[in-house]
Amino acid sequence: MSGILLRIQPPAGQISDHKCREGAVVIGRGTGADVVVGDHSMSRQHARFAAEGKGWVVEDLGARNGTFVNGVRVEGRHLIAPGDVVKMGATLVRVGVLEAELQPAALGVSDLGASLFRPITEITTDLDLSGAATRVAARLQALNEFHRAMAGPISLDALLELLLDRLFAALQPEEGVILLREPDGSMRTAVSRRLPNATGDLLVSRRLITEVADKGTAALVSDIAMDERFSGAESIIGAGIRSILAAPITDAAGCVGMVAIYSRAHVRRFGEEDLELLVSLASAAALRIRNVALAEEAAARRVQDHELALAHDIQMAMLPRRFPERPELEMAAALIPARAVGGDLYDFLLEDHNLWFIVADAAGKGVSAALFMAVTRTLFRAMAHSQATVASVISRMNVELARDNDQQFFVTALVGRLDLRSGALTYASAGHPPPLLASGSGMTSAVEAAEGGVALGIVDDAVYDEGRVTLEPGDVLLLFTDGVTEAINGDGELFSDARLLARFGRSAALPAAGLVESLVDDVNAFAAGVPQEDDITILALRYRGRH
Amino acid sequence: MNIQRSNHDGVEVIAPSGRIDTTTSGAVEQALRQIVDGGARDLVVDFAGVDYISSAGLRVFLLLAKRMRDLQGRVVLCAMPEPVRQVFRLAGFMPLFVVEPSRDAALTRLATQT
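Residues numbered from 1 in each chain as written. Chains lettered and ligands numbered in written order. Predicted model: local features only at pLDDT ≥ 70, side-chain atom pairs only at ≥ 80, totals over all residues.

## A closer look at the overall build of chain A
And step 1. Per the secondary structure count, chain A includes twelve helices and 26 strands.
And step 2. Taken across its 547 residues, chain A has 36% of its residues classed as buried. (Helix = DSSP H or I, 4+ residues; strand = E, 2+ residues; numbered from the N terminus. Buried ≥ 20, exposed ≤ 12 C-beta atoms within 10 Å, placed from the backbone.)

Printed below as a string of structure tokens:
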């Protein structure tokens, strides 16, 4: 008596194989059965398969929905033979020869789900190693190893190289290529490989991409000269490639790429079994590729975020946090970048009785603006000193910033010098909004702008005029960048110069820190959650007079 | 942001509309570069449809003016709404450009100065 193989196919879930060598086995949905199947239309103990004489019988155990052999309902016991199909509820049980599992013919692609993970040794040790069987074993091994290698941590590049490794080992192509789909939908060659004897350019045919990746179909072209799908694709034929295998790399969310291997037909002509292996390997890879790619992207983003956070800290550290403790003076400032790093700047230097200050705004946002801002600060610190005039400081900064400025970055700046003994303020503007002034009596106005010069960095011989005004004790000077006046609300209205002037007048009597805070609050309340478009800087300076 | 383009007797007229700020200035810069790469040497930029321009937007037109100078081409800006004109003026950039009040005036200017 020879054993039988019962291939059990429930309405949902995994196909499973059950080997029967002798005795009997009861199949049903109850836990008392020898083989339990998750099928509600089955009875708890539905039917028994038993060895009898030289053959096997199936016996219906009084199942409510009956047992059918090849469509005929079984009354009592019924002889069965390999090839029969037994229907139990919604479950099909196919009867096979036990040894059949060792034959290559049993490994059609539809059966791979059940065959995939069977230990290779089970096949390779008992087998008469005919050529075909050896090839099948090698392919199963390729799949098995691929799965095992992918189970551990692996980078995207390593994963793709591994896939090519396995393909070259199992299918011996001359060339192989894996394309991945970019976020914009285009296909990018991720890895490729060719044997040393392959000639010509490595080939990625647009036609093949359309057929495989766009239409989601696997392609087997055993002889391209005979295949009308490629009748116009002269690049493929011209490259001397005659046999092509290609498969989409597809997961539940769609096509992530494709893999193709090529051979000249007189060397190797691919067949259907080869295609099945390629499809299996590509499907196995697909499950990991998207996850690995997403993980690598996330890791790169984390590095970038970390770098930006560092840059933010460095930039903020450039801004003075402590203001001069002088009886003549009270200062406060706030700078709120719209992104991690920004192009706004405030700074000051105290030399004897002279306070130099700058508020500046580099064009644009982000890293380029931040670098330009850092250079501007360095130039200000290098050039503002007691012998210099305001006009010479701003002119020299301009010359330096305009040098080799092919990208036309520019920075608007207001540079001033306040003589703490007299309240004499000298200032110059390079394309920057004029400061506002609140007198001790509560009157506010824009400081009469000197003839505004051009923003720094554009015209290397630009001339800057100085403006002069004398601060009275109690006067408050307010410097800002246009991120304040151009903050917008949900209706698209600007905060505006007029609104800033009004709010400044209302809060001018507050201590400098309180004044800055209240103006920042005003801008935030106005914007009411509309994302900040530009960096916001406010610097307030109260002159107390000489003590 | 939308950029319209037309040709008037060999003069390329570019009319952006909407906001030209950090978000959109890249697209405007690219469009202008393509037009200049395509061989245009007489350009009019019509600002009639522009609601707002930021410093990043200004930079795009500085780059354009510099490039046209290098290529010995000509560019005229025109029809600037007051808020746009303010931004150019405040940054001190008005003297760097040829500016006309209307598209017709800009085309006339390029036609007469040949």
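## Thoughts on the overall build of chain B
And step 1. From N to C terminus, chain B includes four helices and six strands.
And step 2. Ordered by position from the N terminus, the helices and strands of chain B form the series β-β-α-β-β-α-β-α-β-α.
And step 3. Expressed as a percentage of its 114 residues, the buried residues of chain B come to 42%.
And step 4. For chain B, the share of sequence-separated contacts (at least 6 apart) that also reach a separation of at least 24 residues comes to 73%. (Contact = placed C-beta atoms within 7 Å.)

## Side note on the sheet that holds strand β8 (residues 72-73) of chain A
Residues and elements named next belong to chain A.
And step 1. The strand order across the open sheet formed by six strands is β2-β1-β11-β10-β7-β8, and the pairing between neighbours is antiparallel. Bordering the open sheet on either side are β2 (16-20) and β8, each of which pairs with just one other strand.
And step 2. Relative to strand β10 (residues 85-88), strand β7 (residues 67-69) runs antiparallel, the two sharing three bridges. Its bridge partner being in β10, V69 is matched across the sheet by V86. (Pairing = 2+ DSSP bridges.)

## Regarding the packing of helix α1 (residues 25-37) of chain B against helix α2 (residues 55-70) of chain B
Residues and elements named next belong to chain B.
And step 1. One can describe the packing of α1 onto α2 by two numbers: an axis separation of 9 Å at closest approach and a directional angle of 15°. The orientation of α1 relative to α2 falls into the category roughly parallel. Crossing geometry of α1 relative to α2 is assigned as right-handed. Between α1 and α2, the residues in contact are S25, V28, E29, L32 and V36 and A56, G57, V60, L63, L64 and R67, respectively.
And step 2. Residue classes in the contact of α1 with α2 are distributed as seven nonpolar, two polar and two charged. (Axes fitted to C-alpha atoms, helices over the stretch in contact; angles between N-to-C directions. Parallel < 35°, antiparallel > 145°, perpendicular 65-115°, else oblique. Left-handed = near helix turned anticlockwise from the far one by under 90°. Nonpolar A, V, L, I, M, F, W, Y, C, P; charged D, E, K, R; others polar.)

## A word on the nonpolar core
Residues and elements named next belong to chain A.
And step 1. Counting 103 residues, the largest nonpolar core has I358 and V411 as its most contacted members.
And step 2. Setting aside its immediate chain neighbours within four residues, I358 contacts L345, Y346, D347, F380, A413, L414 and V415.
And step 3. Counting residues in each nonpolar core, the second largest holds 41 residues, with L143, F146, L180 and I289 among its members. (Core = buried A, V, L, I, M, F, W, Y, C linked by C-beta atoms within 7 Å.)

## Thoughts on the interface of chain B and chain A
And step 1. Contacts between the two partners involve 15 residues from chain B and, on the opposite side, 18 residues from chain A.
And step 2. Per element, the largest residue contribution to the side of chain B that touches chain A is seven residues, and it comes from α2(B).
And step 3. Split by residue class, the side of chain B that touches chain A holds eight nonpolar, four polar and three charged.

## Side note on the pairing of strand β19 (residues 354-362) of chain A
Residue and element names in this part refer to chain A.
And step 1. For β19, the buried fraction is high: eight of the nine residues fall into the buried class.
And step 2. The pairing of strand β18 (residues 344-351) with β19 spans eight bridges and is classified as antiparallel. When the bridges of β19 are listed, D344 appears paired with D361.
And step 3. The hairpin formed by β18 and β19 contains two residues between the paired strands, and D352 there has a positive phi angle of roughly 50°.
And step 4. For β19 and strand β20 (residues 411-419), the ladder comprises nine bridges, and the chain directions are antiparallel.

## A word on the pairing of strand β1 (residues 2-8) of chain B
And step 1. Counting buried positions along β1(B) gives zero out of seven residues, so the element sits mostly on the surface.
And step 2. Where β1(B) folds back on strand β2 (residues 11-20) of chain B, the antiparallel hairpin that results is connected by two residues, among which D9(B) adopts a positive phi of roughly 50°.

## Brief notes about the confidence of the model for chain B
And step 1. Per-residue pLDDT for chain B has a mean of 92; in total, 98% of the residues score no lower than 70.
And step 2. ipTM for the predicted complex: 0.91, alongside a pTM of 0.63. (pLDDT = per-residue confidence, 0-100.)

## Description of the sheet that holds strand β17 (residues 329-336) of chain A
Residue and element names in this part refer to chain A.
And step 1. Pairing within the open sheet is antiparallel, and its five strands lie in the order β17-β26-β25-β22-β23. Taken across any chain shown, the strands that pair with only one partner, and hence form the sheet edges, are β17 and β23 (444-446). When the angles between neighbouring strand axes are averaged without regard to direction, this sheet yields 15°.
And step 2. Here three bridges tie strand β22 (residues 436-438) to β23, and the two strands are oriented antiparallel to one another. Each bridged residue has a counterpart across the sheet, and for A438 the counterpart in β23 is T444.
And step 3. The strands touched by helix α11 (residues 496-507) are β22, β23 and β25 (476-480); relative to β22, the strand with the most contacts, the crossing angle is about 30°.
And step 4. Here helix α12 (residues 512-527) sits on the sheet and contacts β17 and β26 (536-543); the angle it forms with β17, its principal contact strand, is near 30°.

## Observations concerning the confidence of the model for chain A
And step 1. Across chain A, the average pLDDT comes to 83, with 87% of residues at 70 or higher.
And step 2. Taken as a whole, residues 100-129 of chain A scores under 50 in pLDDT and shows 29 contacts with residues more than four places along the chain or in a different chain.

## Focus on the packing of helix α8 (residues 366-383) of chain A against helix α9 (residues 390-402) of chain A
Residue and element names in this part refer to chain A.
And step 1. Two elements in contact, α8 and α9, have axes separated by 10 Å at closest approach and are oriented at 140°. Classified by the angle between their axes, α8 and α9 sit oblique to one another. Between α8 and α9 lies a crossing whose hand is right-handed. For the pair α8 and α9, the contacting residues are V375, T376, L379, F380 and M383 in the first and V393, R396, M397, E400 and L401 in the second.
And step 2. Looking at the contact of α8 with α9 residue by residue, the classes come out as seven nonpolar, one polar and two charged.

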